[in-house]
Amino acid sequence: MTDRVKIFDTTLRDGEQAPGFSMSAGQKLAMAEALEGLRVDVIEAGFAAASPGDFEGIKAIAEMVTEATVCSLARCNEGDIRASGEAIKPARSGRIHTFIATSPLHREFKLKMDKDEIVRRAIAAIELARQYTDDVEFSCEDAIRTERDYLKRVVEAAIQAGASTINIPDTVGYTTPEEITDLFQFLTTEVEGADDVIFSAHCHDDLGLAVANSLAAVRGGARQVECALNGIGERAGNCAMEEVVMALRTRRDFFGIDTRVRTEGIYGASKLLAAITGNAVPRNKAIVGKNAFAHESGIHQHGVLANRETYEIMKPEHVGVSTDNLVLGKHSGRAALKNRAEKLGFTLSDNQLQSIFVAFKELADAKKEVFDSDIEALVLGEAVGSVGPWEIESLYVSAGSDEHRMPKATVALKHKDGRTQTHVSEMAGPMNAVFDAISRITDTPMTLEHYAVTSVSGGEDAMAEATVRVATEFETYQGRGASTDTVLASARAYLDVINRVERRTVRQASIAAQH
Ligand SMILES: CC(=O)SCCNC(=O)CCNC(=O)[C@H](O)C(C)(C)COP(=O)(O)OP(=O)(O)OC[C@H]1O[C@@H](n2cnc3c(N)ncnc32)[C@H](O)[C@@H]1OP(=O)(O)O
Ligand SMILES: CC(C)C(=O)C(=O)O
């Protein structure tokens, strides 16, 4: 048994599986870099057999990551295992994670396999996976609703076949803390070969218990927790990585065990994920929400001013929420900008620093003081804006109180293939005119379901962040954009959606062409 809890991050696999959270290969690579910076033990990079794009994405991550183990998910069949084995080949340390459902419901209605067949499939898959890597994880999908004696049988067969990690998923978020502690105590003491493997928990949040159940599994002997940043994942999501990690760190006195995660990078990584997927983190979300370390009521402020610990059980800087007083402005240089971005949890390449520095200087010229939230918006704007293919070349809007003249938007967009197109729209409402012009240029008809603009930094000329949610014929997409100009922020958010739709269409066309 290890003396720490391993963090198996599945943001890029189970997290990405959730509707509205899909990421391009480049975005997954950026997230993998952030996860490696957090020092997670395992990055589950995708499901290699799912699509050529997922296969290439895992391979690219395996080529880039140097410290974490890179993992691919596979069903218990030859094609999935071989695809995973090939995808993780470039990794310094690669894992194949193979799974099969074991509960009566899944056996009878989904797999239509009997108990013996499932055991045979699991053994064959693990043995084949071992031909590619010594690091094989096996999961009994829907383990929580599986008969204990049968679960023990499957787990023992998997260990015998060569799995070194045994994952016990609560696939449908059904268990309770007491129940899962008891199950892990049973497995870690009663299973033959238990001492040779690491037991892992994978909890879903259908009843809001994923983090509590994962911690309870640790109390029962689990030494790996599967989780995702911001708690993203199928349905209500997975165990939130930032919560389980900070619970173990903050209550080490109780759990007696910790992870090796560099928690200072958590806030930056969480913001990056929100920007990449276009899904904002709720204000009141534990650890990474805007309100997680904010105090507005007088009695709390009075207490915090006397001693922060009266109302804070964690130091904000331990999760990367900056308390730095160094003022950034138009006289600051790259070193200070890079240093502040790092304090906020972002690691910038030289190219990224260069492009953000240009935007930073423009902003600093326009503002007296550049706040941390401005820097965040610049870095995240770069992460979102760099993926195209469309970008705004120019945007002019005229609107006023004259009811006989409709608001008018003149928008010019540039496509990465070199085309530039302009459209003038006149509509009731200036933002409607902007959105209409963008839709017409890109030929993407969509229904706007939600649109909001918030101020994300201080000062008269604060940065605005716009979020839009739109429905196309087949799917719902979210987009974000930031600028000191609310109209430009909104146009960027809308264009972010258009870009997501176009990238997806291109991806699907390329998959179809390969079949
Ligand atoms: C709990 C989880 O999160 S599991 C992971 C879920 N993630 C995903 O499904 C994302 C990736 N999935 C995909 O892209 C597709 O489902 C694919 C490419 C894997 C398979 O697509 P298809 O071949 O069209 O099959 P489809 O998805 O319709 O059905 C799943 C098939 O896998 C079988 N299957 C399901 N789990 C397993 C397993 N663990 N081992 C072996 N077979 C399995 C099902 O019985 C079904 O078989 P059938 O086609 O003979 O009826
Ligand atoms: C594949 C397994 C680990 C899974 O995602 C689940 O059971 O929820």
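Residues numbered from 1 in each chain as written. Chains lettered and ligands numbered in written order. Predicted model: local features only at pLDDT ≥ 70, side-chain atom pairs only at ≥ 80, totals over all residues.

Caption draft 1: Expanded view of the pairing of strand β11 (residues 420-426). Here strand β10 (residues 408-415) runs beside β11; their pairing, made up of 7 bridges, is antiparallel. What sits directly across from lysine 408, in β11, is glutamate 426. The turn joining β10 and β11, which pair antiparallel and follow one another in sequence, is formed by 4 residues; a positive phi near 110° is taken by glycine 418. (Pairing = 2+ DSSP bridges. Helix = DSSP H or I, 4+ residues; strand = E, 2+ residues; numbered from the N terminus.)

Caption draft 2: Structural context of the site of ligand 2. Neighbouring ligand 2 are the residues Asp14, Leu73, Phe99, Ser139, Glu141, Asn167, Pro169, Thr171, His202 and His204. Counting only elements with at least two residues in the shell around ligand 2, the list comes to β5 (136-141) and β6 (165-170). Here the shell around ligand 2 is built from residues that sort into 3 nonpolar, 5 polar and 2 charged. (Near = placed C-beta within 6 Å. Nonpolar A, V, L, I, M, F, W, Y, C, P; charged D, E, K, R; others polar.)

Caption draft 3: Spatial organisation of unusual backbone geometry. Positioned with a positive phi, arginine 39 is a non-glycine residue whose angle comes to about 65°. With respect to the helices and strands, arginine 39 occurs in the loop between α2 (25-37) and β2 (42-46). Backbone geometry at isoleucine 287 places phi at a positive 70°, although glycine is not the residue there. Structurally, isoleucine 287 is set in the loop between α12 (266-277) and α13 (298-306). The buried category is assigned to isoleucine 287, around which 26 C-beta atoms lie within 10 Å. (Buried ≥ 20, exposed ≤ 12 C-beta atoms within 10 Å, placed from the backbone.)

Caption draft 4: A look at the nonpolar core. Core analysis: the largest hydrophobic core is formed by 144 residues, its most contacted members being Ile43, Val70, Ala122, Val225, Val244 and Ile438. Examining the composition of this core, we find that 8 residues originate from one element, α12, more than from any other. Here valine 225 is in contact with Val5, Ile7, Phe8, Ala201, Ser214, Val218, Cys239 and Val244, once residues within four sequence places are set aside. (Core = buried A, V, L, I, M, F, W, Y, C linked by C-beta atoms within 7 Å. Contact = placed C-beta atoms within 7 Å.)

Caption draft 5: Broad picture of the UniProt feature "domain: Pyruvate carboxyltransferase" (unreviewed entry) in the chain. Mapped onto the present numbering, the UniProt feature "domain: Pyruvate carboxyltransferase" (unreviewed entry) falls at residues 5-267. Taken end to end, residues 5-267 is 46% helix and 17% strand, and its two terminal C-alpha atoms sit 21 Å from one another. (UniProt positions renumbered as here; feature names shortened; annotations may be inferred.)

Caption draft 6: Spatial organisation of the site of ligand 1. Every one of the 15 residues lining ligand 1 counts as a neighbour, but Phe47, Ala50, Arg75, Cys76 and Ile100 are closest to it. At the level of elements, α1 (11-17), β4 (94-101) and α5 (104-111) are the ones that each hand at least two residues to the shell around ligand 1. Of the residues that constitute the shell around ligand 1, the class distribution is 7 nonpolar, 3 polar and 5 charged.

Caption draft 7: Here's a closer look at the UniProt feature "binding site: Mn(2+)" (unreviewed entry) in the chain. The UniProt feature table records "binding site: Mn(2+)" (unreviewed entry) at Asp14, His202, His204 and Asn238. A maximum C-alpha distance of 10.3 Å among these annotated residues, which run over 225 residues, shows that they cluster at one spot. Not counting chain neighbours up to four residues away, the residues in contact with histidine 202 comprise Ser139, Asn167, Pro169, Asp170 and Glu226. Excluding anything up to four places from it in sequence, asparagine 238 contacts Thr10, Asp14, Gly15, His204, Asp205, Ala210, Cys227, Ala228, Gly231, Ile232 and Gly233.

Caption draft 8: Structural detail: the domain arrangement of the chain. Splitting the chain by domain gives domain 1 (6-277), domain 2 (291-321), domain 3 (328-384) and domain 4 (387-514). The distance between the C-alpha centroids of domain 1 and domain 3 comes to 36 Å. The interface is formed by 12 residues belonging to domain 1 together with 8 residues belonging to domain 3. When residues of the side of domain 1 that touches domain 3 are traced back to their parent elements, those giving at least two are α2 and α12. When residues in the side of domain 1 that touches domain 3 are grouped by element, the largest group, 8 residues, is from α12. Per-class residue counts for the side of domain 1 that touches domain 3 are 7 nonpolar, 3 polar and 2 charged. (Domains from an automatic or database assignment.)

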